[in-house]
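Summary of structural features
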Amino acid sequence: MTVRLFAVLLVLASSVFVTAQPTVYILNVRESAGSWTTPNFLALRIQELLQSASEELGLELSVKTVESIEDWEKLVSEAPQGVVVINAHGELVPVPPKYGVDWQLFYRDLAMNIMYRGWVWVNPVGYGFFYVTYNYTKTAEGRWDWDQLTVDAAGLEVLGGWLGIIATAWPEQAGGTLQVTQVGRHVFDVLGYNLPDTPNAPRPLTTNIPASWYFYVYASGDVTAYSCAAFEIGKGALMWGGWASSPTEQQAMVAAALTLYYLYPAQLEAAQPKPKGLTPEQLILIAWGTVVMIVLLIVVSFLLKRKGR
């Protein structure tokens, strides 16, 4: 009887472990545009980085890509508990067809999913929520027509209003230069990401609430600006990168680092940094140095041959 009970408990424990595996959705809707990103390239690179890091560090992770507007509408409507959504569209968010032109209602529902369904929204690039693709209508041929709208800073204001925060990402609000934190540098080194000490992030976030953690920060008086930061709100979180429109590789690194540290902070903090490789600048210098040495050897060889005649 005791053995059977132990076996049942073991099966239940295994089941809980499997169902507890974090699920990450990368939003890359083909019936939409991007702003400051090339969604296809960015989504693919994020997926590669997440899978590579999970294998190297032994982290449980399920990564899926949301590729159609129908699948995006289904995900928003079903609102599974505790998922991570990485927005590969940059400053733009696709609005599911059921909302028509009511992007404000969609942002409200997105905020509700964050607060009450435990969604973690990762916006690595630019001024998030600045644009929408909306008014999705299906043609007789079965394809989707849609419009793009600039909602400006009102997008973040609407979402922030439902989340209970006041936020802006205009750079002049920061008033200074952000610098990498000890946590940020350690996470980047563990993952082997060659991200700079001063972020390539022209859209840092300033809010009326402190970030739960952050990789870059600037603080002066009453103003604190963040890049690559997490704001835990309700059961979920809003994660903000504010990164530039290029390069794609840095955009993907920001998205992956934010996601992995949110899901597995203890594991990343305990991990040892990867041995550092050469930077692109160093590789260029070595290449030029090699060329110069070859040229000098050729010249010296030529001169010695002439001298020997």
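From a predicted model like this one, the values you see are computed outputs, not experimental measurements.

Quick look at unusual backbone geometry
Comment: phi is negative for the bulk of residues other than glycine, and the bulk of peptide bonds are trans. Here the bond from Ser246 into Pro247 is cis, since omega is 0°, no more than 30 degrees from zero. Relative to the elements of secondary structure, Pro247 occurs in the loop between β13 (236–243) and α7 (248–263). A positive phi angle, close to 55°, is found at Cys228, a residue other than glycine. Here Cys228 shows up in strand β12 (residues 223–233).

With respect to the packing of helix α6 (residues 182–191) against α7
As a packed pair, α6 and α7 sit with axes 11 Å apart at the nearest point and diverge in direction by 105°. By the angle between their directions, the pair α6 and α7 is classed as roughly perpendicular. Listed contacts from α7 to Val183, Val187, Phe188 and Leu191 of α6 are Ala257, Leu260 and Tyr261. Grouping the constituent residues of the contact of α6 with α7 by class yields 7 nonpolar, no polar and no charged.

Quick look at a nonpolar patch on the surface
There is a patch of nonpolar side chains on the surface, built from Val292, Met293 and Leu296 and spanning about 280 Å² of accessible area. With respect to the secondary-structure elements, Met293 resides in helix α9 (residues 280–308).

So, the sheet that holds strand β6 (residues 131–138)
An order of β4-β6-β7 is seen for the 3 strands of this open sheet, with the pairing classed as mixed. Looking along the sheet, the strands with just one partner apiece sit at the ends: β4 (92–94) and β7 (144–150). Geometrically, the sheet is characterised by an average inter-axis angle of 25° between neighbouring strands, direction not taken into account. Of the pairings in the sheet, the one linking β6 to β7 comprises 6 bridges and is antiparallel in character. Along β7, the bridge assignment pairs Lys138 with Trp144. Of the strands in this sheet, β4, β6 and β7 touch helix α4 (residues 103–116), which is tilted by about 110° from β6.

Topic: the environment of Thr23
One can find Thr23 in strand β1 (residues 23–27). Separated by 59 residues in the primary sequence, Thr23 and Gly82 have C-alpha atoms spaced 8.1 Å apart. In this structure, Thr23 is in contact with Ser62, Lys64, Val83 and Val84, ignoring residues within four places of it in sequence.

Describing the pattern of salt bridges
By the definition in use, this model includes 9 salt bridges. A salt bridge links Arg108 to Asp109; its shortest N-O distance comes to 2.8 Å. Accessibility expressed as a relative area gives 31% for Arg108, which makes it partly exposed. The network of salt bridges with common partners includes Arg45, Glu48 and Glu249.

Quick look at the side chain of Arg203
If you trace the backbone, Arg203 turns up in the loop between α6 and β10 (205–207). Although Arg203 lies buried, it forms no salt bridge, and the closest oppositely charged side chain, Glu91, sits 4.5 Å away as judged by the N-O distance. Apart from residues no more than four positions distant in its own chain, Arg203 is found in contact with Trp36, Glu91, Gly126, Tyr127, Ala169, Trp170, Pro171, Trp240 and Gly242.

Topic: the packing of α4 against helix α5 (residues 154–163)
Relative orientation and spacing of two packed helices are given, respectively, by the angle between their axes and the distance between those axes. Between α4 and α5, the shortest axis-to-axis distance is 8 Å and the interhelical angle comes to 45°. Classified by the angle their axes make, α4 and α5 are oblique. Between α4 and α5 the crossing geometry is right-handed. Of α5, the residues touching α4 (which contributes Trp103, Gln104, Tyr107, Arg108, Leu110, Ala111, Met112, Ile114 and Met115) are Ala154, Gly155, Val158, Leu159, Trp162 and Leu163. Its residues placed into classes, the contact of α4 with α5 shows 12 nonpolar, 2 polar and 1 charged.

What counts, and at which threshold
Residues numbered from 1 in each chain as written. Predicted model: local features only at pLDDT ≥ 70, side-chain atom pairs only at ≥ 80, totals over all residues. Heavy atoms only, no water. Helix = DSSP H or I, 4+ residues; strand = E, 2+ residues; numbered from the N terminus. Axes fitted to C-alpha atoms, helices over the stretch in contact; angles between N-to-C directions. Parallel < 35°, antiparallel > 145°, perpendicular 65-115°, else oblique. Contact = heavy atoms within 4.5 Å. Nonpolar A, V, L, I, M, F, W, Y, C, P; charged D, E, K, R; others polar. Patch = residues over 30% accessible without salt bridge, like charges linked within 9 Å, V, L, I, M, F, W, Y side chains within 5 Å. Areas by Shrake-Rupley, 256 points an atom, 1.4 Å probe, with all protein chains shown as cover. Salt bridge = Lys/Arg side-chain N within 4 Å of Asp/Glu carboxyl O. Pairing = 2+ DSSP bridges. Buried < 20%, exposed > 50% of the residue type's maximum accessible area, 1.4 Å probe, protein only. Lys, Arg positive; Asp, Glu negative; His and termini not counted. Left-handed = near helix turned anticlockwise from the far one by under 90°.

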